[in-house]
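# Tertiary structure, described
Here's the letter readout for the chains.
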Protein chains: 2
Amino acid sequence: MSKGKVYGVGMGPGDPDLMTIRAHRILRNARNIAYFRKAGRTGRARTIAGHLLSRNGNEIPLEYPVTTEIPLSDPKYHDALSEFYEQCTKIILDVIQRNEDVVLLCEGDPFFYGSFIHLYVRLKPVTMIEIVPGLTGMSAAWTATEKPISWGNDVLRILMGTLPEDVLAQHMQDSDALVIMKIGQNFKKVCRALESAGRYQSAWLIENASMAEQNVQRLRDVAHPVVPYFSIIIVHGQGRRI
Amino acid sequence: MSKGKVYGVGMGPGDPDLMTIRAHRILRNARNIAYFRKAGRTGRARTIAGHLLSRNGNEIPLEYPVTTEIPLSDPKYHDALSEFYEQCTKIILDVIQRNEDVVLLCEGDPFFYGSFIHLYVRLKPVTMIEIVPGLTGMSAAWTATEKPISWGNDVLRILMGTLPEDVLAQHMQDSDALVIMKIGQNFKKVCRALESAGRYQSAWLIENASMAEQNVQRLRDVAHPVVPYFSIIIVHGQGRRI
């Protein structure tokens, strides 16, 4: 093992004020800062870091390959991303070999879904790696609705909009409280699943939770059929009142 | 409405370093600080706040009534707690009437289970109240295991140990990733449910996540049958690898 260390740092949901004290301190002292982004975009994690990074810092953007035309089930999708994560691992290990640390910025919490996990499993066997947990996007989303997500004995299920419609509908019907993430292109499918599960009327849509562009509304009031990938849909639990 | 305002502030899981920047700032400037505790104890939320509070601050401990002998299903349990939350509400409103703010310290995230919700629903109609979300105990727990909780399409269910054994077992069998909270006295029941669902061997127990006394082990290696109420049991998801 080399002496350099990797930090996987949760940046929280978007508002820099919702970063943890530890994340804030690590960022300010970071020399090598890596983050994912789409080609030509700043990237959400980098945006949250804002002006906290040192001007002399070495920024290492990790640009996703373009896979929008490839279905998730196609082996080509898997291969393209797998190769990408291998390249990212090499880039980070190159820095580590020089006995320098690398701070990897992660949206939300590093271990809760998200791309970082694919780097983590590659880096973990060969280098020291420390995780700083972060506030999740869903916490910011339910806070934005001004209603508690779960009470008493409520069961909370967290679902990805990428699941098949019938699987989604079954979960939605059986659960007390619901969080649905990865909405974006799956928006209409998720709405149909909520309808057939009888949960559509009590669902909320939160776009860009905790950011300046935050938008909170009941799902039935949504006029636009296009929502950001980072949107979150919530159905609140109705647990034991005291 | 009075001019005073209530802040429901998420204190995070235990390590003060995992508090958000916003929570930290509000605490340092707080004049009236309220928090739940058991009689004769400091209280977890107050412990996290540590030395951040002003020495001249007005501390308002809200002491739970003793209900350990009363089963949850007994109406007396409900009545005792209901009366307690009514009293707490009055105490806080008394301060608000003097046009002063009250900062209510909450373990973890204010809207994610927890006692604060019962005050929130009483205070919300009659006063201004701002919620500062916090890092959850479960985030600290899965971070402590050094393994991601959920990947790709994993469904994550969050269960309370207070649920009946057969209900727990059914959820455990059907889910990808699992978080089980409120363990304490329910420890043996939760273990039996995990056994019958075939998830016992892959479960982890995290006691006092992110605190000095943090203890992480596979559930099957746990030698002591008594675990703290704030323990969390985790079964990691096995979602799509790339």
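None of the values given here were measured: they were computed from a predicted structure. (Residues numbered from 1 in each chain as written. Chains lettered and ligands numbered in written order. Predicted model: local features only at pLDDT ≥ 70, side-chain atom pairs only at ≥ 80, totals over all residues. Heavy atoms only, no water.)

### Let's talk about the relation of the copies chain B and chain A
- For these two chains of identical sequence, chain B goes onto chain A by a turn of 180° and a shift of 0.0 Å along the axis, with RMSD 0.0 Å. Accordingly, the operation relating the two chain copies is best matched by a two-fold axis.
- Here 100% of the interface residues in chain B have copies in chain A that are interface residues too; the copies meet face to matching face. (Least-squares fit on C-alpha atoms with pLDDT ≥ 70 in both. Contact = heavy atoms within 4.5 Å.)

### Details of the pairing of strand E10 (residues 232-235) of chain A
Residue and element names in this part refer to chain A.
- What you see with E10 is no split at all: Ile232 and Ile234 on one side and Ile233 and Val235 on the other are buried throughout.
- Pairing analysis gives three bridges linking strand E7 (residues 177-181) to E10, with the strands arranged antiparallel. Residue pairing for E10: Val179 is matched across the bridge by Ile234.
- Strand direction decides the pairing type here: strand E8 (residues 203-207) and E10, joined by four bridges, are antiparallel. When the bridges of E10 are listed, Ala203 appears paired with Val235. (Buried < 20%, exposed > 50% of the residue type's maximum accessible area, 1.4 Å probe, protein only. Helix = DSSP H or I, 4+ residues; strand = E, 2+ residues; numbered from the N terminus. Pairing = 2+ DSSP bridges.)

### Describing the interface of chain B and chain A
- At the interface, 57 residues of chain B touch 58 residues of chain A.
- Buried area between chain B and chain A, both sides added, is near 5000 Å², and the carbon and sulfur share of it is 60%.
- The interface formed by chain B and chain A holds eight salt bridges in total.
- The partner of Asp15 of chain A in a salt bridge is Arg22 of chain B, with the nearest N and O atoms 2.3 Å apart.
- For the interface between chain B and chain A, the tally reads 30 residue pairs in polar contact (both at pLDDT 80 or more).
- Among the secondary structure elements, those contributing two or more residues to the side of chain B that touches chain A are helix H1 (21-28), helix H3 (75-97), helix H4 (116-123), helix H5 (137-144) and strand E6 (156-160) of chain B.
- Classifying every residue of the side of chain B that touches chain A by side-chain character gives 29 nonpolar, 14 polar and 14 charged.
- Both strand E6 (residues 156-160) of chain A and E6 of chain B contribute to a ladder of three bridges, which runs antiparallel. Of the residues in E6 of chain B, the one forming a bridge with Leu156 of chain A is Ile158 of chain B. (Buried area = accessible area lost by both parts, 1.4 Å probe. Salt bridge = Lys/Arg side-chain N within 4 Å of Asp/Glu carboxyl O. Polar contact = N/O pair within 3.5 Å; in protein donor to acceptor, adjacent residues only side chain to side chain. Nonpolar A, V, L, I, M, F, W, Y, C, P; charged D, E, K, R; others polar.)

### Digging into the pattern of salt bridges
- Applying the stated rule across the entire model yields 20 salt bridges over all chains.
- Put simply, Asp15 and Asp17 of chain A together with Arg22 and Arg25 of chain B are held in one network by salt bridges that share partners.

### Looking at H3 of chain B
Residue and element names in this part refer to chain B.
- If you check H3, its first and last C-alpha atoms are 33 Å apart, about what 23 residues at 1.5 Å a residue would give, namely 33 Å.
- Turning to H3, its buried residues number three or more, namely Tyr77, Leu81, Ser82, Phe84, Tyr85, Cys88, Thr89, Ile92, Leu93, Val95 and Ile96.
- Here the buried face of H3 lies against strand E1 (5-10), strand E2 (32-37), strand E3 (58-63), strand E4 (102-106) and H4.
- Capping of H3 at its N-terminal end is provided by Asp74; its side-chain oxygen lies 2.8 Å from the backbone amide nitrogen of Lys76. (Expected span 1.5 Å × (residues − 1).)

### Things to note about the sheet that holds strand E3 (residues 58-63) of chain A
All names here are of chain A.
- Read across the open sheet, the five strands follow the order E3-E2-E4-E1-E5; overall the sheet is parallel. Looking at which strands have only one partner, the edges of the open sheet turn out to be E3 and strand E5 (128-132). Strand-to-strand twist of the sheet, defined as the mean angle between neighbouring strand axes without regard to direction, takes the value 20°.
- As paired elements, strand E2 (residues 32-37) and E3 share six bridges and run parallel to each other. For Ala34, the partnering residue across the bridge sits in E3 and is Ile60.
- The sheet contacts of helix H1 (residues 21-28) involve strand E1 (5-10), strand E4 (102-106) and E5, and relative to E1 the element is tilted by about 130°.
- Strands E1, E2, E3 and E4 of the sheet are contacted by helix H3 (residues 75-97), whose axis makes an angle of about 165° with E3. (Axes fitted to C-alpha atoms, helices over the stretch in contact; angles between N-to-C directions.)

### Brief notes about the confidence of the model for chain A
- Taken residue by residue, chain A gives an average pLDDT of 93. The fraction at 70 or more is 99%.
- Scored by ipTM, the complex comes to 0.95, with pTM at 0.96. (pLDDT = per-residue confidence, 0-100.)

### Quick notes on the state of the cysteines
Residue and element names in this part refer to chain A.
- For the structure on display, the rule yields zero disulfides over all chains.
- In this structure Cys106 is not part of a disulfide, and its nearest cysteine sulfur, from Cys88, lies 12 Å away.
- Using a relative accessible area of 5% as the deciding quantity, one classes Cys106 as buried. (Disulfide = S-S within 2.5 Å.)

### Some remarks on H4 of chain B
All names here are of chain B.
- Along H4, seven of the eight residues are buried, which leaves the element largely enclosed by surrounding structure.
- Burial in H4 covers these residues: Phe116, Ile117, His118, Leu119, Tyr120, Arg122 and Leu123.
- Buried positions along H4 lie against E1, E2, E3, H3, E4 and strand E5 (128-132).

### Quick word on the pairing of E6 of chain B
All names here are of chain B.
- Among the five residues of E6, five are classified as buried, and the element is accordingly described as predominantly covered.
- Judged by which residues are buried, E6 turns out to be covered on both faces: Leu156, Ile158 and Met160 on one side and Arg157 and Leu159 on the other are all buried.
- For the handedness criterion, the β-α-β arrangement of E6, helix H6 (residues 165-174) and strand E7 (residues 177-181) is classed as right-handed. (Right-handed = clockwise from strand over helix to strand, strands pointing away.)

### Some points on the nonpolar core
- Membership of the largest hydrophobic core comes to 88 residues, with the highest contact counts inside it found for Ile158 of chain A together with Ile158 of chain B.
- For Ile158 of chain A, the contacting residues outside a window of four places in its chain are Phe112, Tyr113, Met138, Val179 and Met181 of chain A together with Asp154, Val155, Leu156 and Ile158 of chain B.
- Counting residues in each nonpolar core, the second largest holds 38 residues, with Tyr7 and Val103 of chain A together with Ile48 and Leu135 of chain B among its members. (Core = buried A, V, L, I, M, F, W, Y, C linked by side-chain atoms within 4.5 Å.)

### Some words on the packing of H3 of chain B against H4 of chain B
All names here are of chain B.
- Packing of H3 against H4 brings their axes to within 10 Å, and their N-to-C directions diverge by 60°. As summarised for this structure, H3 and H4 are arranged oblique, according to the angle between their axes. You can see that H3 and H4 cross each other, and the crossing is right-handed. Between H3, through Ser82, Tyr85, Glu86, Cys88, Thr89, Ile92 and Leu93, and H4, the contact on the second element is made entirely by His118, Leu119, Arg122 and Leu123. (Parallel < 35°, antiparallel > 145°, perpendicular 65-115°, else oblique. Left-handed = near helix turned anticlockwise from the far one by under 90°.)

### Looking at the side chain of Thr145 of chain B
All names here are of chain B.
- If you trace the backbone, Thr145 turns up in the loop between H5 and E6.
- The class for Thr145 is buried, based on a relative accessible area of 6%.
- In this structure, Thr145 is in contact with Trp204, Ile206, Val216 and His236, ignoring residues within four places of it in sequence.

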